[in-house]
Amino acid sequence: MAAGTLTINGTPHNLPQPMQNGYTVQDNARGTAHRMASGAWVWEVTSTGLFRAFTIEWTGLTAAQRNTVDGAVGALLQYGAGSWECYTGSTYTVVLGDGGLPRWRIRKVKRNSEYSFAGSLTLEQNA
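Residues numbered from 1 in each chain as written. Predicted model: local features only at pLDDT ≥ 70, side-chain atom pairs only at ≥ 80, totals over all residues. Heavy atoms only, no water.

## Comments concerning the overall build of the chain
Here's step 1: When you go through the chain residue by residue, the secondary structure sums to one helix and eight strands.
Here's step 2: Counting helices and strands in the order they occur from the N terminus, the chain gives β-β-β-β-α-β-β-β-β.
Here's step 3: With the C-alpha coordinates aligned to their principal axes, the bounding extent of the chain is approximately 60 × 35 × 25 Å.
Here's step 4: Relative to its full complement of 127 residues, the chain shows a buried share of 35%.
Here's step 5: By sequence separation, contacts in the chain at least 24 residues apart represent 66% of the contacts at least 6 residues apart.
Here's step 6: For the chain, the accessible surface area stands at approximately 7700 Å², while carbon and sulfur atoms represent 48% of it. (Helix = DSSP H or I, 4+ residues; strand = E, 2+ residues; numbered from the N terminus. Buried < 20%, exposed > 50% of the residue type's maximum accessible area, 1.4 Å probe, protein only. Contact = heavy atoms within 4.5 Å. Areas by Shrake-Rupley, 256 points an atom, 1.4 Å probe, with all protein chains shown as cover.)

## Some thoughts on helix 1 (residues 63-79)
Here's step 1: Its 17 residues give helix 1 an end-to-end C-alpha distance of 24 Å, which sits within 8% of 24 Å, the value for a rise of 1.5 Å per residue.
Here's step 2: Along helix 1, the positions that sit buried rather than exposed are R66, V69, A72, V73, A75 and L76.
Here's step 3: G80 lies just past helix 1 and shows a positive phi near 90°. (Expected span 1.5 Å × (residues − 1).)

## So, the packing of aromatic side chains
Two measures describe an aromatic ring pair: the distance that separates the ring centres and the angle between the ring planes.
Here's step 1: Overall, the coordinates contain five aromatic pairs when judged by the stated rule.
Here's step 2: On the basis of an interplanar angle of 85° and a centroid distance of 4.9 Å, the ring pair of Y23 and Y87 is categorised as edge-to-face. Here the residue Y23 occupies a position in strand 3 (residues 23-35), and Y87 occupies one in the loop between strand 5 (82-85) and strand 6 (91-96), the gap between them amounting to 64 residues.
Here's step 3: A relative accessible area of 18% places Y87 in the buried class.
Here's step 4: Ring geometry for F54 versus Y92: centroids 5.1 Å apart, planes at 45°, classification tilted. With a gap of 38 residues between them, F54 in strand 4 (residues 41-61) and Y92 in strand 6 connect regions that are remote in the sequence.
Here's step 5: Of the residues examined, Y92 reaches a relative accessible area of 16% and is grouped as buried.
Here's step 6: Linked through ring pairs, Y23, F54, W84, Y87 and Y92 together constitute an aromatic cluster. (Phe/Tyr/Trp six-rings, centres within 6.5 Å; stacked < 30°, edge-to-face > 60°.)

## Structural notes on the nonpolar core
Nonpolar side chains tend to gather and get buried jointly when the protein is soluble and globular.
Here's step 1: Within the largest apolar cluster, 22 residues are counted, with the highest numbers of intra-cluster contacts made by L6, L15, W58, W84 and L123.
Here's step 2: Contributing elements (two or more residues each) for this core: strand 1 (5-8), strand 4, helix 1, strand 6 and strand 8 (115-125).
Here's step 3: The element that contributes the greatest number of residues to this core is helix 1, accounting for five residues.
Here's step 4: Not counting residues within four places of it along the chain, the set of residues in contact with L6 comprises T11, P12, H13, L15, A72, L76, G82, S83, W84, V94 and L123. (Core = buried A, V, L, I, M, F, W, Y, C linked by side-chain atoms within 4.5 Å.)

These figures come from the coordinates and say nothing about function on their own.
Right, dumping it as C-alpha cells:
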C-alpha cells in the first residue's frame, strides 16, 4: 500500500494528497469525563490506550478526485471499517468519524462548467 491508501473489503482507494498543512492527527481517550464538585476532572476510561482521529483536508480537487473520496466513504458506509495507511506510513483500522460524511465546498473555476472541490474527511482509529 502507498501512503494515503484506504483499503476497504480488499479494494484500495488512493485518496488525493491533502492540501499543505491539511492533515492532522489527534489523540483521544476512550471513555468519558466527569467534573467533580471540587472542580477536578475524573476519567472513566473504557480502554487504556489512546486512539487517533485523522482529519484530511483538500482544496482544488477535480471531479474525479472527489469521486475517489466519495467512493471510499461509500465503501466505509457499506462495510463499516477499513485499513488506512496514513501519510506517516503507519497503518490503522479506521471507521468514519466526525459525523461520517465528508463536507464539500464547491466553486466554479472557469466560465464553462468546470468546478473545483474543497473538503475534509475524518477517520477514527477503531482498533
